[in-house]
Structure formats: C-alpha cells, structure tokens
Amino acid sequence: RKQNTNLCLMSEKNIESDSAQEQPTSLSVASNMFLSPPELAKSLVNLGVKKGSQSRMKLFMLGCLAGVYIGFAAHLATTIATGTTEWFGAKKFLIGAVFSVGLMLVIIPGSELWTGNNLMLVALLERKISLKEIAKNWIFVYFGNFLGSIFLAILIFGTGLLEGSIGGTAISIASAKVSKDIQDIGHIFPYFCRGICCNWLVCLAVMMCLAAKDVAGKIWGIFFPIMAFVASGFEHSIANMYFIPAGIFAKSFLEAKLESGLTESMLDDLNFGRFFTHNLLVVTLGNFIGGSICVAMIYWILYVRSSPAPKAKEFQQANIMTTASTDSPRSGSDQLIDNL
C-alpha cells in the first residue's frame, strides 16, 4: 500500500509538470524576444563596468568614430531638409527618419557616443565603477566625438557639396542654433530645455536597442525615439558638433550664403565663439540632465537599487514564525501517509 501511494503521488507530480511545460506563459515568450524593464535596467550595470574599463586611447578612437557617424546622419538630414514641401510635418518626419541612421551606425558596428554613455551613471550609483572611471570615459569620448564631427565637416566641405542650396540649408540650420531668440525667454534657456528632452529620448533609444535580441529589433528600437527627437526640434550636442561647423565652413561659398537668405549681421554671428557660448555648452548640460538624471537615475531607483536590509526586530519575528510553523502538530492526513 505504501508503494502504491508513492507511485500515485509521483504520477500526479509528473502530470502537473508536463502540463506546465506544455503551456508556456506570455512572459517566457517575451523574454525570448526582448529584455524586460528590470532585466534591461540591471544590464546597464554590466555595460557601465565594461565601458569604464576601456583604455583612454580606445575610448578616444571609438569616440571619433561616433562623431563621424553622427556627422554622416547630420549631413544626410541637411540634404533632406533642402527644398520646400507643402506639408511641414512631412519634412520634419523625413529629416528625423534619416537622422536615425546615425545611432544605428554608432551602436550596431560599435563606437562610443557621449550622450548614450550618460547611462553609465547606473553603474556609478551601484558603486560598480568609480567616479574616476566614469570621468575618464566621458572626457575622452566627448572630445573624440568633437574631433570626429569636425573632421567630417571639413571632409564634406572639401567635397564641394556645401556650395549651393545644401550649403544654404547648412548655414540656416547653424545660424538658428546659435542666434535664434524665442519671444520673452531668449535663446539660452529654450536650448537648454531642448537638450534635456533630446537626450531623454536618445537614452531611451539606446535602452530599447539593448532590450532587443536581434538586429531588426535594435533598428526599430533606435528609429522611433531618434525620429521623434529630431522631428520635435530638440537639440543634440554631438550632432551640433557637425551642424554648426558645417554651416560656418559653408559661408566660404558665395552661392551658399545667397541661398541661406540671411543678413550680413546674422552671418557674422555664425562663428565658433557663439558656437561654444550659445549652443554647445548649454545643450551639453541639458543633454547631461536628460540622460543621466531623467533616465539613468530614475531607472536605477525603480529597478536596480538594492532594497534595504531588514531590521533586526523584523528578522527575529520572522525566525519565531518559522520555528512555530515547523513545531506545529502534523495533520492527520500527513501522519496517515507516514504510517503507510
């Protein structure tokens, strides 16, 4: 009788386990396609550790590549922006759509973009990397991004593609970025806010790309947030490292200056001094807040931060409850099975 009872219990357990295996949950299916929000947020810790351990030279070179890749996307966006269209929103959408190729080139082949690396703050908050390591990454990557963008702007200038209407568009874009005032609030504060909104979306694009487990998913994860930030008119510091120098270089072409339709005073205001004081510094600060605070810190708080240790009194109460449950008398059915 005891053997028969054990066999019955074992068969019931086997049937339950088989039925559980035959009915996969939606969560298990989803986990095979992309990372869940908690998994994604925790993966940023390992990513930050990896980025923090790279050498200065490697960071600088990868930063230069990222600057070039974003510059390619910026030149493509300038080309698409040239000309007129009856539907304002259609042009904005197309500009944003083509600009998304920049982040695709950065992440999939591999390089280092300062705005995306703001997510390293998760690893810093978890004390997995030091302040020195994150500072090393940000400094060398940022200057690499800058030199790569300037290099491509010089290269595009050398192609002569900025001579005509495309050059006029480049000048108009760059001039607005350094001198356009918004009624009652000026120039600096609006561009600071645009920088926050921009890198908020850029870092979300990076996270969506990391969450996807195939290339197609990564491409779509990048496309929509990047298209959204460009079409919305937000400001990306690394993209501006190409946009504004390209506009300054395009002033060398007379036809490009005429195509821009700007006055001489507006053309004079388009220079490297205003590039730094009226755009790059303030947009960089906005990008930092948007990426590090609005994304990295928030997701660290929600999903990564370790829960506080239980208090001693609560721990003692838990032990008392556990002991009481183990010392409680066994039910009649349990004793009957033991007897069998």
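Worth saying up front: this structure is predicted, and the values here are computed from it rather than measured.

### Some details on the overall build of the protein
Counting its secondary structure elements, the protein contains 17 helices and zero strands. Scored against the burial criterion, the 340 residues of the protein give a buried share of 41%. Restricting the contact set of the protein to residue pairs at least 6 apart, pairs at least 24 apart contribute 84%. Carbon and sulfur atoms make up 65% of the accessible area of the protein, which totals about 18500 Å².

### Considering the side chain of H75
Examined against the element boundaries, H75 turns out to sit in helix 4 (residues 56-81). There is a polar contact of 3.4 Å between the side chain of H75 and the side chain of Y242. With near-sequence residues (within four places) excluded, H75 lies in contact with I156, L161, I166 and Y242.

### Looking at the packing of helix 4 against helix 12 (residues 237-250)
Two elements in contact, helix 4 and helix 12, have axes whose closest approach is 9 Å; the angle formed by their N-to-C orientations is 60 degrees. With respect to helix 12, the element helix 4 is oriented oblique. Every pair of crossing elements has a handedness; the one defined by helix 4 and helix 12 is right-handed. In this structure, helix 4 uses I70, G71, A74, H75, A77 and T78 to contact helix 12, whose residues at the interface are I238, A239, Y242 and F243. Each residue belonging to the contact of helix 4 with helix 12 can be placed in one class, and the counts come to seven nonpolar, three polar and no charged.

### Topic: the layout of surface pockets
When its volume is computed, the largest pocket comes out at roughly 720 Å³. K92, I173, K177, V230 and G233 are, among the 27 residues lining the largest pocket, the residues nearest its centre. Listing elements by their share of the lining of the largest pocket, those giving two or more residues are helix 4, helix 5 (88-99), helix 9 (165-179), helix 10 (188-211), helix 11 (215-232) and helix 12. Of the residues in the lining of the largest pocket, the class split is 13 nonpolar, eight polar and six charged. Together, 20 residues line the second largest pocket, and L47, K51, I107, S111 and E112 are the ones closest to its centre. Listing elements by their share of the lining of the second largest pocket, those giving two or more residues are helix 3 (37-52), helix 6 (101-110) and helix 10. Considering every element that reaches the lining of the second largest pocket, the biggest residue donor is helix 3, with five residues. Residues that form the lining of the second largest pocket fall into these classes: eleven nonpolar, six polar and three charged.

### Overview of empty space enclosed by the protein
All told, the structure shown has one cavity of 30 Å³ or more when counted by the stated rule. Approximately 40 Å³ is the volume attributed to the largest cavity. Around the largest cavity, the lining residues are I70, F99, L103, L113, V202, I226, F229 and H236. When its residues are assigned to classes, the lining of the largest cavity shows seven nonpolar, one polar and no charged.

### Considering the packing of helix 8 (residues 131-159) against helix 15 (residues 272-304)
The description of two packed helices rests on the angle between their axes and on the distance between the axes. One can describe the packing of helix 8 onto helix 15 by two numbers: an axis separation of 14 Å at closest approach and a directional angle of 135 degrees. Between helix 8 and helix 15, the angle is such that the two are oblique. Of the two elements, helix 8 crosses helix 15, and the hand of that crossing is right-handed. Here helix 8 contributes W138, Y142, F146 and I150 to the contact with helix 15, which in turn contributes F272, F275, F276, L280, T284, F288 and S292.

### Examining the nonpolar core
If you look at the biggest cluster of nonpolar residues, it comprises 77 residues, and the most contacted ones within it are F99, L103, L119, L162, I226 and Y242. Top element by residues in this core is helix 12. It accounts for ten residues. In terms of nonpolar packing, the next biggest core, distinct from the first, is built from six residues, Y191, F192, I196 and C294 among them.

### Some details on helix 3
Look at helix 3: 23 Å from first C-alpha to last across 16 residues, which is about the 22 Å you get at 1.5 Å a residue. Residues of helix 3 that are buried include every one of L40, A41, L44, V45, G48, K51 and G52, and no others. Angular distribution of buried residues about the axis of helix 3 spans 165 degrees; they occupy a single face of the element. In helix 3, the exposed positions that point more than 90 degrees away from the buried face belong to N46 and K50. On its buried face, helix 3 is in contact with helix 4, helix 7 (121-125), helix 8, helix 10 and helix 15.

### Details of a nonpolar patch on the surface
The grouping of L76, I80, F93 and L94 at the surface amounts to a nonpolar patch, some 320 Å² of accessible area in total. Of all the secondary structure elements, the ones that give two or more residues to the nonpolar patch are helix 4 and helix 5. Residue placement: I80 occurs in helix 4. Take I80: its relative accessible area is 32%, and that puts it in the partly exposed class.

Thresholds applied
- Residues numbered from 1 in each chain as written.
- Predicted model: local features only at pLDDT ≥ 70, side-chain atom pairs only at ≥ 80, totals over all residues.
- Heavy atoms only, no water.
- Helix = DSSP H or I, 4+ residues; strand = E, 2+ residues; numbered from the N terminus.
- Buried < 20%, exposed > 50% of the residue type's maximum accessible area, 1.4 Å probe, protein only.
- Contact = heavy atoms within 4.5 Å.
- Areas by Shrake-Rupley, 256 points an atom, 1.4 Å probe, with all protein chains shown as cover.
- Polar contact = N/O pair within 3.5 Å; in protein donor to acceptor, adjacent residues only side chain to side chain.
- Axes fitted to C-alpha atoms, helices over the stretch in contact; angles between N-to-C directions.
- Parallel < 35°, antiparallel > 145°, perpendicular 65-115°, else oblique.
- Left-handed = near helix turned anticlockwise from the far one by under 90°.
- Nonpolar A, V, L, I, M, F, W, Y, C, P; charged D, E, K, R; others polar.
- 1 Å grid on protein atoms, 1.4 Å probe; cavity = no way out; pocket = protein on both sides within 12 Å on 5 of 7 lines; lining within 4 Å.
- Points joined across faces, edges and corners; volume = space filled by probe spheres on them.
- Core = buried A, V, L, I, M, F, W, Y, C linked by side-chain atoms within 4.5 Å.
- Expected span 1.5 Å × (residues − 1).
- Arc of directions from axis to C-beta.
- Patch = residues over 30% accessible without salt bridge, like charges linked within 9 Å, V, L, I, M, F, W, Y side chains within 5 Å.
- Salt bridge = Lys/Arg side-chain N within 4 Å of Asp/Glu carboxyl O.

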